[in-house]
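Notes for the structure review
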Amino acid sequence: MPNDIVIAIDGYSGCGKSSTAKAVAHALDYTYIDSGAMYRAVTLYLLRDKISFSDIEAVVAALEQMQITFKMKMEAELPLYETYLNGENVEREIRSMDISDSVSEVSAIPQVRQAMVGLQRNMGANKRVVMDGRDIGTNVFPNAEVKVFMTADLYVRASRRQKELKERGVSVAVSEIVENLAERDQIDSTRKENPLVKAEDAVVIDTTDLEFNKQVQRVVDIAREAMQAP
Ligand code: DC
């Protein structure tokens, strides 16, 4: 019997972590968990309730009111994961530029991180998960059997993100996306609490010139090998 494992995929904003992680989870019949979506859902809640990010007491009280879950449904024979906040499907709303502009600030709040990391550890307690984010291999699951660190050229990332948004009917200038990605990378990599850094034992995959199927296959190969480890 192959071992059940945890696959941690970290890296910069917009370098294909989530599409890769989803495809890897599908290939291995594992569950995909989008940890960034959880920080986005928290950001949405705080913005809707007009809670100042610097009012820590109010942020902590709000965290206690939030229930963040994922639901999976099949669409065209592919699993589609959607994020729910207190029972409401917020998948579309959490991908907006308004949320992208504030999410790094919110995810740098230690109390927010503590709450989300606790939930993420519970979700992966029985293994068989592919989780993507910024601190999965370094902090959430430091003992993950497979750790991948993804990176790609900033302009390539921005034009991919622009295409994705366009497919969802949202038109944004590439320069605005470059600015947002660069700013988020900067905040995510320099924050005090669990910044985005490559885990020492992570495999680096640069997707700038890599075909999507190849990057998925590389992670699947690494995972299958780890599943056979004694
Ligand atoms: O993966 P994403 O772009 O949806 O993530 C949104 C933000 O959430 C990202 O700018 C940083 C934060 N994040 C984090 O701090 N830790 C994670 N494990 C995942 C995301």
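Anyway, here's the lowdown on the structure attached to this text. A quick note: this is a predicted structure, and the numbers were derived from the prediction, not measured.

**Considering the nonpolar core**
Judged by nonpolar contacts, the single largest core of 34 residues is most densely connected at Val42, Leu46, Met66, Val112 and Met116. Counting only elements with at least two residues in this core, the list comes to strand S1 (6–11), helix H2 (35–48), helix H3 (56–65), helix H4 (97–107), helix H5 (110–123), strand S6 (129–133) and helix H6 (136–140). Sort the elements by how many residues they give to this core and H2 lands first, with eight residues. Among the nonpolar cores identified, the runner-up in size contains 23 residues, and Ile5, Met150, Ala226 and Met227 belong to it.

**A word on the packing of helix H1 (residues 17–28) against helix H9 (residues 212–228)**
Put simply, H1 and H9 touch, their axes get as near as 9 Å, and they point 50° apart. If you check the angle between H1 and H9, you find them oblique. Seen from above, H1 lies across H9 with right-handed handedness. Contacts from Ser19, Thr20, Ala23, Val24, Ala27 and Leu28 in H1 reach Phe212, Gln215, Val216, Val219, Val220, Ala223, Arg224 and Met227 in H9. A class-by-class count of the residues in the contact of H1 with H9 yields 10 nonpolar, three polar and one charged.

**Brief notes about empty space enclosed by the protein**
Summed over the entire model, instances satisfying the criterion amount to one cavity of 30 Å³ or more. There is about 30 Å³ of room inside the largest cavity. If you go around the largest cavity, the residues you meet are Asp10, Gly137, Lys147, Val148, Phe149, Lys198, Ala199 and Ala202. In terms of residue count, the dominant contributor to the lining of the largest cavity is strand S7 (residues 146–151) (three residues). Broken down by class, the residue content of the lining of the largest cavity amounts to four nonpolar, one polar and three charged.

**A look at the sheet that holds S7**
To summarise the sheet geometry, strands pair through backbone hydrogen bonds and adopt either a parallel or an antiparallel arrangement. A sheet is described by the order of its strands in space; here five strands give the open sequence S2-S6-S1-S7-S8, paired in parallel fashion. Only two strands of the sheet have a single neighbouring strand rather than two, namely strand S2 (31–34) and strand S8 (203–206). Here the average twist between neighbouring strands, direction ignored, is 20°. Where S1 and S6 come together, five bridges link them in parallel fashion. What sits directly across from Val6, in S6, is Val129. This element, H9, spans S1, S7 and S8 of the sheet and lies at about 165° to S8.

**Some words on the pairing of strand S3 (residues 68–75)**
Where S3 lies against strand S4 (residues 78–85), eight bridges are found, and the strand directions are antiparallel. By the bridge assignment, Ile68 is partnered in S4 with Leu85. The loop that links S3 with its antiparallel partner S4 comprises two residues; one of these, Ala76, has a positive phi angle of about 50°.

**A closer look at H3**
Listed as buried for H3 are Val59, Ala62 and Leu63. Down the axis of H3, the buried set is contained in an arc of 105°. They therefore lie on one face. Exposed residues on H3 whose side chains face more than 90 degrees from its buried face are Glu57, Glu64 and Gln65. Next to the buried residues of H3 lie H2 and H5.

The rules we used
Residues numbered from 1 in each chain as written. Predicted model: local features only at pLDDT ≥ 70, side-chain atom pairs only at ≥ 80, totals over all residues. Heavy atoms only, no water. Core = buried A, V, L, I, M, F, W, Y, C linked by side-chain atoms within 4.5 Å. Buried < 20%, exposed > 50% of the residue type's maximum accessible area, 1.4 Å probe, protein only. Helix = DSSP H or I, 4+ residues; strand = E, 2+ residues; numbered from the N terminus. Axes fitted to C-alpha atoms, helices over the stretch in contact; angles between N-to-C directions. Parallel < 35°, antiparallel > 145°, perpendicular 65-115°, else oblique. Left-handed = near helix turned anticlockwise from the far one by under 90°. Contact = heavy atoms within 4.5 Å. Nonpolar A, V, L, I, M, F, W, Y, C, P; charged D, E, K, R; others polar. 1 Å grid on protein atoms, 1.4 Å probe; cavity = no way out; pocket = protein on both sides within 12 Å on 5 of 7 lines; lining within 4 Å. Points joined across faces, edges and corners; volume = space filled by probe spheres on them. Pairing = 2+ DSSP bridges. Arc of directions from axis to C-beta.

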